[in-house]
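This is what each chain is made of:
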Amino acid sequence: MQGVDKQNRPIVMVYGARHKPYKGSLEEFKGFVAYTLERICARMPAGQEKFVSIADLKGWGYANSDIRGYLAALSILQDCYPERLGKLFIVHVPYIFMTAWKVVYPFIDSKTKRKIIFVENKKLKSTLLDDIDESQLPDVYGGKLSLVPIQDD
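Just so it is clear, the structure is predicted and the values come from calculations on it, not from any experiment. (Residues numbered from 1 in each chain as written. Predicted model: local features only at pLDDT ≥ 70, side-chain atom pairs only at ≥ 80, totals over all residues. Heavy atoms only, no water.)

Some points on the pairing of strand β3 (residues 85-91)
Basically, it comes down to this: Each residue gets one of three labels from its accessible area relative to the maximum for its type: buried under 20%, exposed over 50%, partly exposed in between, using a 1.4 Å probe on protein chains only. Where helices and strands are cited, they refer to DSSP runs of H or I of at least four residues and of E of at least two residues respectively, numbered from the N terminus. What makes two strands pair is DSSP finding at least two bridges between them. Seen with the strands pointing away from the viewer, any crossover whose path from the first strand over the helix to the second strand runs clockwise is right-handed.
The buried fraction of β3 is high, at seven of seven residues. As judged from the six bridges shared by strand β2 (residues 51-56) and β3, these two strands associate in the parallel manner. Opposite Ala55, over in β3, you have Ile90 as the bridge partner. What joins β2 to β3 is helix α2 (residues 67-80), and the crossover it makes is right-handed. Pairing analysis gives three bridges linking β3 to strand β4 (residues 116-118), with the strands arranged parallel. Counted as the bridge partner of Phe89 is Ile117 from β4.

Okay, here's the thing in structure tokens:
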């Protein structure tokens with residue numbers, strides 16, 4: 001969680017290729033999702049209720065695919081943290097991800113669907129700059145903000 005968008009919503013980075021469903025149970029993953037959302041909410045600036053997320057799927061493959069985990073995370077977000085998500089940018093989307101997306105999509109409520117933006121690689125920086133100032137955009141996407149690993153934060 002580093003930087004803010006133009007509406008002062010914190011930016012949360014998610015790296016899909018780091019998810020290894022075979023290394024833990026569904027219950028452990030659900031606990032991780034709830035813990036992470038609690039930490040995000042606790043670190044929000046005073047008066048801010050929403051966050052923005054950039055979900056980077058670079059390197060994502062079938063080994064990272066976890067339909068049950070995605071549905072559980074979606075349920076936790078929608079049922080326990082309604083209206084906390086301001087916007088979700090999904091970047092570096094591999095073609096094979098769309099197979100998993102087709103299974104998950106029907107379970108996403110209509111309000112949440114409107115907040116999800118698939119970003120084309122060739123329009124990555126310009127799309128993100130519509131919502132995020134260059135000083136707050138992570139340098140890996142052409143901005144000026146150096147990301148710090150969470151354990152170093």
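Section: the sheet that holds strand β1 (residues 11-15)
Quick reminder of the rule: A fitted line through C-alpha atoms represents every axis, and for helices the fit uses only the stretch in contact; the resulting angles, taken between N-to-C directions, go from 0 to 180 degrees.
Read across the open sheet, the four strands follow the order β1-β2-β3-β4; overall the sheet is parallel. In this open sheet, the two edge strands, each paired with only one partner strand, are β1 and β4. Across the sheet, the axes of successive neighbouring strands diverge by a mean angle of 20°, strand direction being ignored.

A short note on the UniProt feature "domain: CRAL-TRIO" (unreviewed entry) in the protein
What counts here: UniProt positions are given in the numbering used here, feature names are shortened, and annotations may be inferred rather than shown by experiment.
Feature annotation in UniProt assigns "domain: CRAL-TRIO" (unreviewed entry) to the following positions: residues 1-149. As a span, residues 1-149 carries 34% helix and 14% strand, and end to end its C-alpha atoms are 9 Å apart.

Things to note about the packing of α2 against helix α3 (residues 97-104)
Threshold: Note on angle classes: values under 35 degrees are labelled roughly parallel, values over 145 roughly antiparallel, values of 65 to 115 roughly perpendicular, and the remainder oblique. Crossing handedness is defined as follows: a turn of the near helix away from the far one that is anticlockwise and smaller than a right angle gives a left-handed crossing, while the clockwise case is right-handed. When checking whether two residues touch, look at their non-hydrogen atoms; a contact exists if any pair is within 4.5 Å.
At a closest axis distance of 10 Å, the pairing of α2 and α3 adopts a crossing angle of 50°. With respect to α3, the axis of α2 lies oblique. Taken as a pair, α2 and α3 cross one another with a handedness that is right-handed. Judged by residue contacts, Ile67, Tyr70, Leu71 and Leu74 of α2 engage Ala100, Val103 and Val104 from α3.

Overview of the nonpolar core
Rules: For our purposes a nonpolar core is just a set of buried Ala, Val, Leu, Ile, Met, Phe, Trp, Tyr and Cys residues, chained together by side-chain atoms within 4.5 Å.
Of all hydrophobic cores here, the largest spans 25 residues; its most connected members are Leu37, Phe51 and Ile90. The greatest single-element share of this core, amounting to five residues, is contributed by helix α1 (residues 26-42). Ignoring any residue separated from it by four or fewer positions in sequence, one finds Ile90 in contact with Ala55, Leu57, Trp101, Ile116, Ile117, Phe118 and Val119. Judged by nonpolar contacts, the second largest core, of twelve residues, contains Val52, Ile54, Val119 and Tyr141.

Some remarks on the packing of aromatic side chains
Just so we agree on the cut-off: To pair, rings of Phe, Tyr and Trp, with the six-membered ring standing in for Trp, must have centres within 6.5 Å; the planes then decide the type, stacked if under 30 degrees apart, edge-to-face if over 60, and tilted in the middle. The rule for a charge over a ring is simple: NZ of Lys or CZ of Arg within 6 Å of the ring centre, and within 35 degrees of the ring normal.
Here the structure, examined in full by the defined rule, presents five aromatic pairs. Summarising the aromatic geometry, the rings of Trp101 and Tyr105 are spaced 5.7 Å apart at their centres and angled 55° between planes, so their arrangement reads as tilted. With a relative accessible area of 12%, Trp101 lands in the buried category. Since its relative accessible area comes to 38%, Tyr105 is described here as partly exposed. By way of ring pairs, the aromatic residues Trp60, Phe97, Trp101, Tyr105 and Phe118 are connected into one cluster. Here the guanidinium or amino end of Arg18 rests over the ring plane of Tyr15, the centre of that ring lying 4.5 Å away.

As for unusual backbone geometry
Leaving glycine aside, a negative phi is the common case for residues, and trans is the common case for peptide bonds. Unusually for a residue other than glycine, Glu83 sits at a positive phi of about 65°. For Glu83, a relative accessible area of 37% gives the class partly exposed. One non-glycine residue, His92, adopts positive backbone phi at about 55°. Inspection of the secondary structure puts His92 in the loop between β3 and α3.

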